[in-house]
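Chains, contacts and geometry: an overview
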Amino acid sequence: MRRLEELHRNWRLGRPRSQRMMLADCDLRKLDLSLMDFTDAYFLRCNFERASLRGAVFRDAILTGSSFDEADLTGAVFERADLRGAVFHGSDMTRASLSAADLRKDFSQGAEQNPTAACRFRGARLEQTAFVGAKLISVDFAGAFLLEADFSGADLRRTSFASAQLQGIRLAGAELEGADFTAAAAVDEATRDQVLAASLPVGSAPRLSETDVRKRLGDHAQWVDSLGRNGRRLELEGFDLSGFDLRGVNLGAAKLVRCLLARANLKDAWLLATDLKGANLSEANLTAADLRGADLSDTHQRGLILPGARTGLIPGLSLTTRGLRV
């Protein structure tokens, strides 16, 4: 890649012994491409999963359909890049710039029925990330953490912020028609005021007190011990449990669908057959937790702490751990 970068730089400068970077369907997973300059390059449907791209420059690049899942994109530059259909699940994009980038649905095949979804940032960390003037129609920010992200002048029509945490984001001059803030997990007052000023509804995931959580956990423990005859099964779909200390608790067979569990302490917890579909587990501590039979499909797992966690089949049952990315 460094040799190709050199040839590409020569091409941009009009030097001899040059060649434009044009790659398609390439596997670039886990490579260290930090600080490389890919301005005006082509990366069609390339896989950058878990790559280190700190400070890399993709200005005016074509990256249609590429995957950046769980990549380190701290300080990366995607200004005016074509990112239609790209995915950034669980990526760290702190201080990255995507100003004037195109992140809409990918219609590059020429058909309105193209099944490729718009760009997705599920579970991504977007701290001080710039989307100024970007085209973000129908983009998916589900479960993302957005701190002081700048959407000034961006087109956010029909964009989803389901289960996202929004703190201090800037929306001045943004187009917000049809944007969905109703299922956001946490919204600070300043952001809420901006959304309400656009005549859009804004929600926030319900959060329980620690006392209420402990009571519900006690009821659930009775339900488990009595095989469902006493107590009550724990069902907290869409609740905010971020940062809770749940060390060693029995959450077996609990329903925690789409719960916000970011930075929760689940060390030594029992999560046998627990339904965690769509939950945000970013930076949650699952050290030595028992995850046998748990369903983690579509969960956000950026920074998940897993040493010593047990996974696989529950003895005597056909249930096995699903959706865990290690």
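Refer to the structure presented above.
Residues numbered from 1 in each chain as written. Predicted model: local features only at pLDDT ≥ 70, side-chain atom pairs only at ≥ 80, totals over all residues. Heavy atoms only, no water.

1. Notes on the overall build of the protein
To be explicit about the condition: Secondary structure elements are defined from DSSP: runs of H or I of at least 4 residues count as helices, runs of E of at least 2 residues count as strands, and each element is numbered from the N terminus. For the radius of gyration, the atom set is restricted to C-alpha positions; the globular benchmark scales as 2.2 Å times the number of residues to the power 0.38. Only protein chains enter the calculation, and the probe is 1.4 Å; a residue is then buried if its accessible area is under 20% of its type maximum, exposed if over 50%, and partly exposed in between. The contact rule is simple, with two residues in contact once any of their heavy atoms fall within 4.5 Å. Each accessible area is a Shrake-Rupley result for a 1.4 Å probe, and residues are judged covered by the shown protein chains and nothing else. Within this scheme the basic residues Lys and Arg register as positive and the acidic residues Asp and Glu register as negative, but His and the chain ends are omitted. To locate a charge, take NZ of a lysine, CZ of an arginine, CG of an aspartate or CD of a glutamate.
Looking only at helices and strands, one finds 3 helices and 6 strands in the protein. Taken over C-alpha atoms, the radius of gyration comes to 22 Å for the protein, in line with the 20 Å a tight globule of 326 residues would show. Counting only C-alpha atoms, the protein reaches 75 × 45 × 35 Å along its principal axes. Taken across its 326 residues, the protein has 49% of its residues classed as buried. Contacts spanning at least 24 positions in sequence make up 22% of the contacts within the protein whose residues lie at least 6 apart. A total accessible area of about 14,600 Å² is found for the protein, and carbon and sulfur atoms account for 47% of it. Between the averaged position of the 44 positive side-chain charges in the protein and that of its 43 negative side-chain charges there is a distance of 4 Å.

2. A look at the pattern of salt bridges
The criterion, for reference: Any carboxyl oxygen of Asp or Glu that lies within 4 Å of a side-chain nitrogen of Lys or Arg is treated as forming a salt bridge with it.
Evaluated as defined, the whole model comprises 28 salt bridges. For D212, the salt bridge is made with R216, and the minimal N-O distance between the two is 3.5 Å. Residue D212 and its partner R216 are located together in helix α3 (residues 210–225), separated by 4 residues, close to a single helical turn. When its relative accessible area of 25% is taken as the criterion, D212 is described as partly exposed. For R258, the salt bridge goes to E237, with nearest N and O atoms at 3.0 Å. A residue pair is termed long-range when its members are at least 10 positions apart, and R258 in the segment after α3 and E237 in the segment after α3 qualify at 21 residues. Overlapping salt bridges bring together R125, E127, E283 and R302 as one network.

3. Concerning the sheet that holds strand β5 (residues 165–167)
Strands pair in a sheet through their backbones, by hydrogen bonds, and they do so in one of two ways: parallel or antiparallel. Cut-off, in case you're wondering: Pairing between strands is defined by DSSP: at least two bridges between them are needed.
Reading across the sheet, the 4 strands line up as β3-β4-β5-β6 and stay open at both edges, with parallel pairing between neighbours. Of all strands in the sheet, those bounded by a partner on one side alone are β3 (125–127) and β6 (186–187). Pairing geometry for strand β4 (residues 145–147) and β5, over 3 bridges, is parallel. Bridge assignment links L146 to a residue of β5, and that residue is L166.

4. What about the nonpolar core?
Cut-off, in case you're wondering: Note on terminology: a nonpolar core comprises buried Ala, Val, Leu, Ile, Met, Phe, Trp, Tyr and Cys residues joined through side-chain atoms within 4.5 Å.
Core analysis: the biggest nonpolar cluster contains 60 residues, and F78, F121 and F151 have the highest contact counts within it. In this structure, F151 is in contact with F131, L136, F141, L146, L156, F161, I169, R170, L171 and A174, ignoring residues within four places of it in sequence. Grouped together as the second largest cluster of nonpolar side chains are 29 residues, L271, L286, A294 and L296 included.

5. A look at the environment of G178
Mapping G178 onto the fold places it in the loop between β5 and β6. Residue class for G178 comes out partly exposed when judged on its relative accessible area of 46%. C-alpha separation for the pair G178 and D268, spaced 90 residues apart in sequence, amounts to 42 Å. Beyond its immediate chain neighbours, meaning those up to four positions away, G178 contacts R158, T159 and L200.

6. Observations concerning the side chain of S282
Within the element layout of this structure, S282 appears in the segment after α3. Judged by its relative accessible area of 3%, S282 is buried. If we skip the residues at most four places from it in the chain, S282 touches G123, A262, R263, H300 and R302.

7. Some points on helix α1 (residues 2–13)
Worth spelling out the cut-off: The span you would expect from a helix comes to 1.5 Å times its residue count less one.
Between its first and last C-alpha, α1 extends 17 Å over 12 residues, near the 16 Å set by a 1.5 Å rise per residue. Along α1, the residues classified as buried are E5, L7, H8 and N10. One or two residues past the end of α1 sits G14, with phi positive at roughly 75 degrees.

8. Notes on α3
Each α-helix turn comprises 3.6 residues. Residues three or four places apart therefore point the same way. Given a rise of 1.5 Å per residue, 16 residues ought to cover 22 Å, and the 22 Å separating the end C-alpha atoms of α3 matches this to within 8%. One or two positions beyond α3, positive phi appears at L227, with a value near 55 degrees.

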